[in-house]
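# Summary of the model geometry
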Amino acid sequence: MTYKMAYSMVCLLFLTFLLETRFLDATPCAKLTESPGYVVCVCNSTYCDDFPSTQKVTKGEYVVYTSSENGLRFQRQSFKAKATSTNAVYKVSTAKRRQSIIGFGGAFTDAAGINIAGLPIAAQNKLIAAYYGKEGIGYSVGRVPMASCDFSTHPYSYDDVSGDLNLTKFALAPEDLKYKIPFIQNAMKMSPRPIKMFGSPWSAPAWMKTDNNMTGKGSLKGEPGGPYFKAWAQYFIRFLDAYSSHNISFWGLTVQNEPLDGMIAHFGFQCMGYTAEMERDFVKKDLGPALKSSAFKDINLMILDDQRLTILDWANVILSDPEASKYISGIGIHWYMDEFIPANLLDKTHNAFPDKFIFGTEACEGSMPWQSHVILGSWDRAITYAHDILTDLNQWVTGWTDWNLALSPIGGPNWVSNFVDSPIIVDVEKARFYKQPMYYALGHFSKFLVPESVWVSVTAEKNNNHIEMTAFQRPDKSVAVVINNFGYDSVNLTIKAEGIGYLDVESLGRSIQTVVWWID
């Protein structure tokens, strides 16, 4: 062997060591020093924390990833399974199986795009990669508002020419071309798997509506089957066509974002009202046939796209009609008011219509009038996210979509000042962005519960009132358990894993953990 060959081999081995070490340990969180007392991770053009290794470990080993209020962020530790345990035991059984995962993600709103565009290009890329890149949290879903919503700078539609029922003036808005499409395309390039995009309309053009306004109490003019409903159905097709011309395809659509908002007098931002009967007939007579006769006949159409309070009523009205049901794949739900609405409505709906999936289509913190909009470093909001996701997943829900991918420090822009929080907050003035605890809470699910993961049962021999968990078997046969400890005390618990043994876990107070092991 020549000197040059030997030198090259040494360099290659050293480089491999460095890459493997970085892959295992990951780039750590750079904490926001201006705000002691809570943990916010800072990213900029040159630095951003990423996810530690999720590579397979040998049989008999397991990995625990921990994020906590006291500052841990996706800390990775590996352990050996034991033959016995004296801790409280949670038994995981892969024999009892339920729904499979569609995915997790967030929304490409105008507001998100405006904030991301305000950063230097390198920081923009790091932000998108934090969600969709290989070393990010594994998002596989993206939501796109069809035209404007409140998280725009002004109301607009894709055809504001009154009376244009043939949609001859239909065109995407500048916002689509500048603030949505480029970042969707970037996410698609970075993602190791296809992204399931779905679109949601907030309002038809004002001239199509009974109140001649995109806001307030108003519905489409006429009746389902009539010219305005036919034109509105074609509007969906034009939207899909327009995005397709930019090489963006859609997995799904919701019929209407929060249809109950449009039944409220003086509602403040874009909305359009439907009763369940109206939505049923629109799908049956207009939207369903239009999609089936188009190039988008296999798209997944979701009804409701509103709070879980009305899920069973809407499902009964719409899905009990065979002509409407044949066009519908699933039911979209939002999380607002979940703390006041029993989760067993999800079970009841699934049991009544087991061939339709239930999917979380929108959630955010800071939306209620009594709440602060943005709270940097709030672990309470991470706990709330984890609790809601766990509850949903344990009641047949197939995934969860956060709202804006990124917002400003005040929670905008929003043309009606309906500011809220976001897992990532962008500080344009300092050319950086902040990863909130909510981002890490989401990552404990989205990174591990990949599409086609299947829910499996967890039963507690002795439960702790501050511990909640869910378990899924992933396509590679590994099992992932997500644990939310919302109490202040640490809990020593054990997971009994089939064919592996007992997995001891120290669940730190106020922490979220994911435990992963491989069966073969």
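As a starting point, this report considers the structure included with it. (Residues numbered from 1 in each chain as written. Predicted model: local features only at pLDDT ≥ 70, side-chain atom pairs only at ≥ 80, totals over all residues. Heavy atoms only, no water.)

## Here we look at the sheet that holds strand β11 (residues 357–362)
Which entries qualify depends on this criterion: If DSSP finds at least two bridges between two strands, the strands pair. We count a stretch as a helix when DSSP gives it H or I for four or more residues in a row; a strand needs E for two or more, and each element gets its number in order from the N terminus. Here an angle of 0 to 180 degrees is reported between the N-to-C directions of two axes, which are lines fitted to C-alpha atoms, with helices fitted over the stretch in contact.
Judged by pairing direction, the barrel is parallel, and its eight strands sit side by side in the order β5-β6-β7-β8-β9-β10-β11-β12 before closing back on the first. The mean inter-strand angle of the sheet, taken between neighbouring strand axes irrespective of direction, is 25°. Sheet topology note: the strand β9 (residues 300–307)/strand β10 (residues 330–334) ladder contains five bridges and is parallel. Pairing of M302 across the sheet is with G330, part of β10.

## Observations concerning the sheet that holds strand β15 (residues 454–460)
As summarised here, the arrangement of the nine strands in space is β3-β2-β20-β17-β16-β15-β4-β18-β19, forming an open sheet in which the pairing is mixed. Two strands close off the open sheet at either side, each with one partner strand: β3 (75–80) and β19 (501–507). Neighbour-to-neighbour, the strand axes of the sheet open up by a mean angle of 30°, direction not taken into account. In terms of strand pairing, strand β2 (residues 61–68) meets strand β20 (residues 511–518) through seven bridges, oriented antiparallel. Along β20, the bridge assignment pairs Y62 with W517.

## Side note on the state of the cysteines
Quick reminder of the rule: Cysteine sulfurs are considered disulfide-paired once they come within 2.5 Å of each other.
Counting across every chain of the model gives two disulfides. Disulfide partners in the chain, listed by the sequence order of the bonded cysteines, are 1-2, 3-4. Counting only cysteine sulfurs, C364 is the nearest neighbor of C149, a cysteine outside any disulfide, at a range of 11 Å.

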